[in-house]
Protein chains: 4
Amino acid sequence: MPGAVPTYSFLGPEGTFTEAALMQVPGAGDAVRVPASNVNAALDAVRQGSAHAAMVPIENSVEGGVTATLDAIAGGQELRIVREVLVPISFVLVARPGTRLGDVRRISTHGHAWAQCRLWMDQHIPGAEYVPGSSTAAAAMGLLEPDCHYDAAICAPLVAQEQPGLPVLAENIGDNPGAVTRFVLVSRPGKLPERTGADKTTVAVPLPEDRPGALMEILDQFANRGVNLSRIESRPTGQYLGHYFFSIDADGHVGDARMADALAGLHRISPATRFLGSYPRADRQPIEVQPHTSDRAFAASRNWVESILDTESLQVESGSGPSPTA
Amino acid sequence: MPGAVPTYSFLGPEGTFTEAALMQVPGAGDAVRVPASNVNAALDAVRQGSAHAAMVPIENSVEGGVTATLDAIAGGQELRIVREVLVPISFVLVARPGTRLGDVRRISTHGHAWAQCRLWMDQHIPGAEYVPGSSTAAAAMGLLEPDCHYDAAICAPLVAQEQPGLPVLAENIGDNPGAVTRFVLVSRPGKLPERTGADKTTVAVPLPEDRPGALMEILDQFANRGVNLSRIESRPTGQYLGHYFFSIDADGHVGDARMADALAGLHRISPATRFLGSYPRADRQPIEVQPHTSDRAFAASRNWVESILDTESLQVESGSGPSPTA
Amino acid sequence: MPGAVPTYSFLGPEGTFTEAALMQVPGAGDAVRVPASNVNAALDAVRQGSAHAAMVPIENSVEGGVTATLDAIAGGQELRIVREVLVPISFVLVARPGTRLGDVRRISTHGHAWAQCRLWMDQHIPGAEYVPGSSTAAAAMGLLEPDCHYDAAICAPLVAQEQPGLPVLAENIGDNPGAVTRFVLVSRPGKLPERTGADKTTVAVPLPEDRPGALMEILDQFANRGVNLSRIESRPTGQYLGHYFFSIDADGHVGDARMADALAGLHRISPATRFLGSYPRADRQPIEVQPHTSDRAFAASRNWVESILDTESLQVESGSGPSPTA
Amino acid sequence: MPGAVPTYSFLGPEGTFTEAALMQVPGAGDAVRVPASNVNAALDAVRQGSAHAAMVPIENSVEGGVTATLDAIAGGQELRIVREVLVPISFVLVARPGTRLGDVRRISTHGHAWAQCRLWMDQHIPGAEYVPGSSTAAAAMGLLEPDCHYDAAICAPLVAQEQPGLPVLAENIGDNPGAVTRFVLVSRPGKLPERTGADKTTVAVPLPEDRPGALMEILDQFANRGVNLSRIESRPTGQYLGHYFFSIDADGHVGDARMADALAGLHRISPATRFLGSYPRADRQPIEVQPHTSDRAFAASRNWVESILDTESLQVESGSGPSPTA
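Computed from a predicted model, the values in this text were never measured in an experiment.

Asker: What is the right way to look at the overall build of chain A in this model?
Answerer: When you go through chain A residue by residue, the secondary structure sums to ten helices and 14 strands. Long-range pairs, those at least 24 residues apart, make up 75% of the contacts in chain A with a sequence separation of at least 6. Accessible surface for chain A amounts to roughly 12500 Å². Of this, 51% is attributable to carbon and sulfur atoms.

Following this line, the structure appears as structure tokens:
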């Protein structure tokens, strides 16, 4: 299928922060972008081959989906995170043409977004009535429907950009101006993203039930090799409460010797450990590597052990008549 | 206000799994139950004194709110978890009176619930169209509105019980029959729930930024005293990415000597550590305590150290003319 | 026995490095000093009350006795280290009056001392014949006996100072000019030496046989409280091979909160742990204490836990009719 | 030098427990056995090629030499332990022909041996006078000299066996009937002893000065791979107090994957780590290996990581036009 443009699925509908994240991927503007009604559907499009990759939230999203993402990629057919994207979370208030701020009484948006704009609301539209929406974008687009029973919507700036029929009444109305959230681009297993020196590796590690202290053992596989963690979450496996896996982000790339060694350690403790990708950090902050955990130190240590195992020059053995030396 | 019934807020609307969780609290059936549009609002009702306690989801809910709960109780005015409740997650399909299963084409529910009933849907209503709802209960109640544009809703059994106008077309339509989720009852700080021997303690521990290996140090405070963890999640503080706190559930009660000692250790490493409650485990499974971490062992070890510090009987000191002994 | 001078036993004979260590104790010059033929005998003199304290080697001595010291104070009636002394290890060659260096052929000393002067010997008296002695001092004093069959002895400078009949043929003949060794003054349990901020604590910790990983658990009691170790040795208990105890020197005084807490942790893991003393370091190098392991941090953490346990002001309890708030 | 018998040096003189240890080596009875006056001399004979191997004490000997052995093999030209030997420590009382027990007043032996026979002495020869000897064997042989000024000697049974001129007055006179001590046979680096499943590995690990917590890091290299330690000692390097190395015995053979991996970890932390040998345990007690630290688990974990690194089949990469899949 040469010449075809790539197809991306994403947690929809159009105009959400997730689509904003997707737009940061080079070439995504010209690609086919298919909104999905939930994270599982977005990922299944990739698993089934109808999309090349899916953009889904992985942390602290205003519109949920985070634990769904963690759980969805930890099970089922294997997937790989190939890119991380950060999106500033900035809210706007949109309305139908002609509506003025003073007219607004009933406001729709996703519950999380509503929670994050309460200070602004209390100050500028005291007594505003909240109308739940299934997403920020759905709330905004609902304004265009004939029987809409609310006056305004809180949504991402992207919606207003894409939909000229929805003028912006107010910008930056979120209570936390520096808010940022993380998204990941997920594809089927393939060529690993290149090492950049500022990478992240994600794994899902089932907790072995039969050994006390297994959590410390798992974390020690990283600590022992000087690998820092930037995220850890215990997640119930969904089978029944009490069975857990750990979803972990660690600093570095599986192509780094210390990370490869740590992953091998994880696999021994928990053979069902799943590798979910090594990919560049969105903030491009280089990982500080201590000299004794560098690739060079790993190579030197392996050579040293090899040299011990290879000592065959002298044939001295205990108690069996050592060979003469002079 | 003597004689008044207690007031509970909960993540609404009415008929959700969260209300089902609340109904498990003794006396809640006769109490005032106030639905809130999101977790923060439910908790604020407690903080502001308009509710005595709030029931909110803490894990793996079909309707989200989990990370919101963790974040909300980790900051702001102090709150305490006083009870944990498990609710089996079982879905029913409801419709308006007269609708038969074969008539159903458009179905509304919360996105997470939709994701969890897909196998049943594919089998029994192939090609069903999904209409997003802001909650399972809202989707169900929407059926009663005159201009409803969908045929059926997926919701918790509680809705159907409370609302006779919504007959059940099918029961147990979830893909995972054993699914269970956890909720917590949250109040302002007060008398701690009694020790039962099957308790859980929740804390929020900000990660000290200035020390590498701080995560291992934090976890070692528990491991060192033989305290197991049943949940751990790193959460961004919301200020900016890179600042984290850990939300942790540990086995035991702060009234247990080993837990009190572990918490003291946490406080030294991270003085802003927040205690979020000690309360009985919903599964009532007793904690196995190793002899060397029992209250008795802690008392014995303290006595031993005291006896060393109190040796004043003999006045022998080095180099200053020890007193004669004979 | 008012007015009596103190009595010190020490690993003899007179003129050894151990007596040189004893002479560093204020007042020891005027005290009664009783040489003992071995470390056990020196310590038994203290246990039985015939000496107030005993000076014995604890590390790297040229004349042995080290492991004997560790084992002897780890068992039997309790003893306490109350002072640590460093002695520079410097050797001299002594002979009978009239003997010249060129005449020396046969040399006596303790085997360890002989090993430490070999470079000098090879250079200045090549082909010298070694005559074993039971101590450096015994070898030197043997020169004064009529039937002595060797020409010179290697010994501590102290011997030559105390015995004018033994002129020094050569000084500083040791191969390692900076060599220093450690001795300890041991008494029966009594008042602890004062905290100086530059202290050391010695313990003997039997290894619990029934738990794998017990060594790491033991060491973690120190690491967890930010206490550094300056010495650790596993020692067989003497009963049979395979049973061990650990002899450990740790930085700090049992009067320091972090050390008291670490010792309490040791006692829980291994209740037969023996406290062998807190005493000033001979090198007077102050211990660096991290803020989070200071006495202040320990007090603050205890207060915090107490405040959690004492919350009785509000009578809110789960599910039992929380008290009204307004 | 074909056909020549092997030459062994040992800590002498003849008749000591060390020679008894050497006699346990197959073929040693017919070999050339050269006593050395101290441990360093015994080892230097091996380093210089005049002996094929040296037998020296490594633990708790009645005649010292232990720390000397640890220090001597940790520095200088590399040596390897190739065999471990256990010797029961049993003492006999010997005298000149014609002497009866009732005649004995003055007794010579090494100081440590004297200390270990005190109970028997107090009971059978109360008031016996101690005459220090440089070794048990030297004390015994001294009885044969014309001008001997003592009546009897405490020594190893071996002396009496080899020297018919010294009848045994009493056997098993040690206070601890089950006493056993360890010796090691040391050679130059050569072919490693075969894996037996009941092996021991000895290393010397200099403590890195520049990192706090380095001791725990060192020990974690073993714990992390499920390797138990049977001995650990911190030793001053001899340069000046404060610089340490750790002398460690660990369960297993460098040919075991978990041990090889642990040694590699040590080398990264402390590149001057010295491998001192893998050899069969004298007690032949097999090492229990947990499944997740077996050679098989290590091979499986390496294969898994390799499979991750080798995923080149699909050429999908983030943001660069993923290849079509259908």
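Asker: Got a minute to help me understand the interface of chain C and chain D in this structure?
Answerer: In many analyses, interface size is given as the accessible surface area lost on bringing the parts together. Taken together, the contact pairs 41 residues of chain C with 41 residues of chain D. Regarding the contact of chain C and chain D, the summed buried area is about 3100 Å², with carbon and sulfur atoms giving 55% of it. Between Arg118 of chain C and Asp44 of chain D there is a salt bridge, with the nearest N and O atoms lying 2.7 Å from each other. Inspection of the chain C/chain D interface yields six residue pairs in polar contact (both at pLDDT 80 or more). Elements supplying a minimum of two residues to the side of chain C that touches chain D: helix H2 (39-47), helix H4 (111-116), strand E7 (129-132), strand E10 (180-187), helix H8 (214-223), strand E12 (229-236) and strand E13 (244-251) of chain C. Sort the elements by how many residues they give to the side of chain C that touches chain D and E12 of chain C lands first, with eight residues.

Asker: Would you mind showing me how to read the relation of the copies chain C and chain D here?
Answerer: What connects the two chain copies is a rotation about an axis and a shift along it. Least-squares fitting of chain C to chain D yields an RMSD of 0.1 Å, with the superposition described by an axial translation of 0.1 Å and a rotation of 180 degrees. What the rotation and shift describe, once combined, is the action of a two-fold rotation axis. Residue Glu233 of chain C of chain C places its C-alpha closer to the rotation axis than any other residue of that unit, at 2.0 Å. Taken together, the interface assignments show that 100% of the residues at the interface of chain C recur at the interface of chain D, consistent with an identical surface on both copies.

Asker: How should I be thinking about the packing of helix H9 (residues 257-269) of chain B against helix H10 (residues 295-309) of chain B in this particular structure?
Answerer: Residues and elements named next belong to chain B. Following both chains from N to C, one finds H9 and H10 inclined at 65 degrees, their axes separated by 8 Å at the closest point. Of H10, the residues touching H9 (which contributes Ala257, Arg258 and Asp261) are Asp295, Phe298 and Arg302. Looking at the contact of H9 with H10 residue by residue, the classes come out as two nonpolar, no polar and four charged.

Asker: Is there a simple way to think about helix H9 (residues 257-269) of chain C in this case?
Answerer: Every α-helix carries 3.6 residues per turn, so stepping three or four residues along brings you back to the same face. Helix length check: H9 of chain C, at 13 residues, gives a terminal C-alpha distance of 19 Å against a target of 18 Å (1.5 Å per residue), a fit within 8%. With 13 of its 13 residues buried, H9 of chain C lies for the most part within the structure.

Asker: Please clarify how a negative patch on the surface should be interpreted in this entry.
Answerer: A cluster of acidic residues, Glu145 and Asp147 of chain A together with Glu145 and Asp147 of chain B, forms a negative patch on the protein surface. Within the secondary structure, Asp147 of chain A is located in the loop between helix H6 (136-142) and strand E8 (152-155). With a relative accessible area of 53%, Asp147 of chain A lands in the exposed category.

Asker: Teacher, can you tell me more about the packing of aromatic side chains here?
Answerer: The geometry of an aromatic ring pair is captured by the separation of the ring centres together with the interplanar angle, meaning the angle of the planes. Residue and element names in this part refer to chain A. Evaluation of the coordinates by the stated rule reveals eight aromatic pairs over all chains. Measuring from centroid to centroid gives 4.8 Å for Trp114 and Tyr130, while their planes differ by 15 degrees, and the two rings are stacked. Linking Trp114 in helix H4 (residues 111-116) with Tyr130 in strand E7 (residues 129-132), this pair joins segments that are 16 residues apart in sequence. Comparing Trp114 with Tyr130 shows no difference in burial state: the two are buried.

Asker: Quick question: what am I supposed to make of the environment of Tyr150 of chain C here?
Answerer: Residue and element names in this part refer to chain C. Mapped onto the secondary structure, Tyr150 falls in the loop between helix H6 (136-142) and strand E8 (152-155). For the pair Tyr150 and Ile107, spaced 43 residues apart in sequence, the C-alpha to C-alpha distance is 5.8 Å. If we skip the residues at most four places from it in the chain, Tyr150 touches Arg96, Arg106, Ile107, Ser108, Val131, Ala138, Ala139, Gly142 and Leu143.

Asker: Looking at this model, I keep getting lost on the sheet that holds strand E3 (residues 53-59) of chain A. Mind explaining?
Answerer: Pairing between sheet strands relies on hydrogen bonds along the backbone, with the strands arranged either parallel or antiparallel. All names here are of chain A. Taken in spatial order, the five strands of this open sheet run E2-E1-E3-E10-E4, and their pairing is mixed. The sheet is open, and its two borders are formed by strand E2 (32-36) and strand E4 (80-88), each paired with just one other strand. Sheet twist, expressed as the mean angle between neighbouring strand axes with direction ignored, is 30 degrees. Where E4 meets strand E10 (residues 180-187), eight bridges bridge the pair, whose relative direction is antiparallel. When the sheet's bridge partners are listed, Val85 is paired in E10 with Phe183. Here helix H2 (residues 39-47) sits on the sheet in contact with strand E1 (7-11), E2, E3 and E10, set at roughly 145 degrees to E3.

Asker: What is the right way to look at the domain arrangement of chain A in this model?
Answerer: Segmentation of chain A into domains returns domain 1 (1-89 + 179-190), domain 2 (92-170) and domain 3 (192-307). Between the C-alpha centres of domain 2 of chain A and domain 3 of chain A the distance comes to 43 Å.

Asker: Hey, could you run me through unusual backbone geometry in this one?
Answerer: Both trends apply: most residues other than glycine have a negative phi, and most peptide bonds are in trans. Residues and elements named next belong to chain A. Geometrically, the link from Gly12 to Pro13 is a cis peptide bond, its omega value of 5 degrees lying close to zero. As for its position among the elements, Pro13 is in the loop between E1 and helix H1 (17-23). Backbone geometry places Arg284, a non-glycine residue, at a positive phi of 55 degrees. Along the chain, the position of Arg284 falls in the loop between strand E14 (274-280) and helix H10 (295-309).

Asker: Can you walk me through the side chain of Arg47 of chain D in this structure?
Answerer: All names here are of chain D. Looking at the secondary structure, you find Arg47 in helix H2 (residues 39-47). Here the side chain of Arg47 touches Ala72 through a polar contact of 2.9 Å, landing on its backbone oxygen. Beyond its immediate stretch of four places on either side in the chain, Arg47 contacts Ala72, Ile73, Gly75, Gly76, Gln77, Leu79 and Arg188.

Asker: I keep staring at the pattern of salt bridges and nothing clicks. Help me out?
Answerer: Under the counting rule described, the total for this entry stands at 81 salt bridges over all chains. Among the ionic pairs, Arg258 of chain A bridges to Asp256 of chain A, the shortest N-O distance being 3.5 Å. Summarising the burial analysis for this pair, Arg258 of chain A and Asp256 of chain A share the class buried. Residue Asp251 of chain B is joined to Arg281 of chain B by a salt bridge in which the shortest nitrogen-to-oxygen separation is 3.1 Å. Taken together, the residues span a long stretch of sequence, with Asp251 of chain B in strand E13 (residues 244-251) and Arg281 of chain B in the loop between strand E14 (274-280) and H10 at a distance of 30 residues.

Asker: For this particular structure, what's the right way to read the environment of Ala179 of chain A?
Answerer: Residue and element names in this part refer to chain A. Relative to the elements of secondary structure, Ala179 occurs in the loop between strand E9 (168-171) and E10. For the pair Ala179 and Val87, spaced 92 residues apart in the sequence, the C-alpha separation amounts to 8.7 Å. When residues no more than four places from it in sequence are discounted, the contact partners of Ala179 are Val87, Pro88 and Ile89.

Asker: What exactly am I supposed to notice about the sheet that holds strand E4 (residues 80-88) of chain C here?
Answerer: All names here are of chain C. Ordered in space as E2-E1-E3-E10-E4, the five strands form an open sheet in which the pairing is mixed. With one partner strand each, in any of the chains shown, strand E2 (32-36) and E4 form the two edges of the open sheet. Going across the sheet, the axis of each strand differs from the next one's by a mean of 30 degrees, ignoring polarity. Sheet strands touched by H2: strand E1 (7-11), E2, strand E3 (53-59) and E10. Its angle to E3, the strand with the most contacts, is close to 145 degrees.

Reading the values: the criteria
- Each chain has its residues counted from 1, following the order in which its sequence is written.
- For naming, the first written chain is A and the first written ligand is 1, with later ones following in the order written.
- Since the coordinates come from a predicted model, pLDDT governs what is reported: local features require at least 70, and pairs of side-chain atoms require 80 or more to be given and counted, while whole-chain, interface and lining totals use all residues.
- Only hydrogens and water are set aside when side-chain values are computed; all heavy atoms of the structure are taken into account.
- Each helix is a run of H or I in the DSSP string that is no shorter than four residues. Each strand is a run of E no shorter than two, and both are numbered from the N terminus.
- Residue contacts are defined here by distance: any two heavy atoms, one from each residue, within 4.5 Å place the two residues in contact.
- Calculation of accessible area relied on Shrake-Rupley with a 1.4 Å probe; when residues are assessed, cover is drawn exclusively from the protein chains displayed.
- Values labelled buried area give the accessible surface lost by two parts on being combined, using a 1.4 Å probe and summing over both.
- By definition, a salt bridge exists where a carboxyl oxygen of Asp or Glu is found within 4 Å of a side-chain nitrogen of Lys or Arg.
- Polar contact is the term for a pair of N or O atoms within 3.5 Å; when the atoms are in protein, one must be able to donate a hydrogen and the other to accept it, and sequence-neighboring residues count only if both atoms are side-chain atoms.
- A least-squares superposition brings the copies together, and it is based on the C-alpha atoms of residues with pLDDT no lower than 70 in both.
- Between N-to-C directions, angles span 0 to 180 degrees; the directions come from axes that are lines fitted to C-alpha atoms, helices contributing only their stretch in contact.
- As a working rule, the residues Ala, Val, Leu, Ile, Met, Phe, Trp, Tyr, Cys and Pro are called nonpolar, Asp, Glu, Lys and Arg charged, and the rest polar, with Gly in that last group.
- A helix's residues, less one, multiplied by 1.5 Å, set its expected span.
- Burial classes: relative accessible area under 20% of the type maximum marks a residue as buried, over 50% as exposed, and values in between as partly exposed (1.4 Å probe, protein chains only).
- Exposure above 30% relative accessible area and no salt bridge define the residues that can form patches, which grow by joining like charges within 9 Å and nonpolar side chains of Val, Leu, Ile, Met, Phe, Trp and Tyr within 5 Å.
- The charged-residue count follows a simple rule in which Lys and Arg add positive charge and Asp and Glu add negative charge, with His and chain termini not counted at all.
- Where a charge lies is defined by one atom per residue type: Lys uses NZ, Arg uses CZ, Asp uses CG and Glu uses CD.
- The rule is short: rings of Phe, Tyr and Trp, with Trp giving its six-membered ring, pair when the centres are within 6.5 Å, and they are stacked under 30 degrees, edge-to-face over 60, tilted in between.
- Strands qualify as paired when DSSP identifies two bridges or more between them.
- Start and end positions for the domains come from either an automated domain assignment or a database one.

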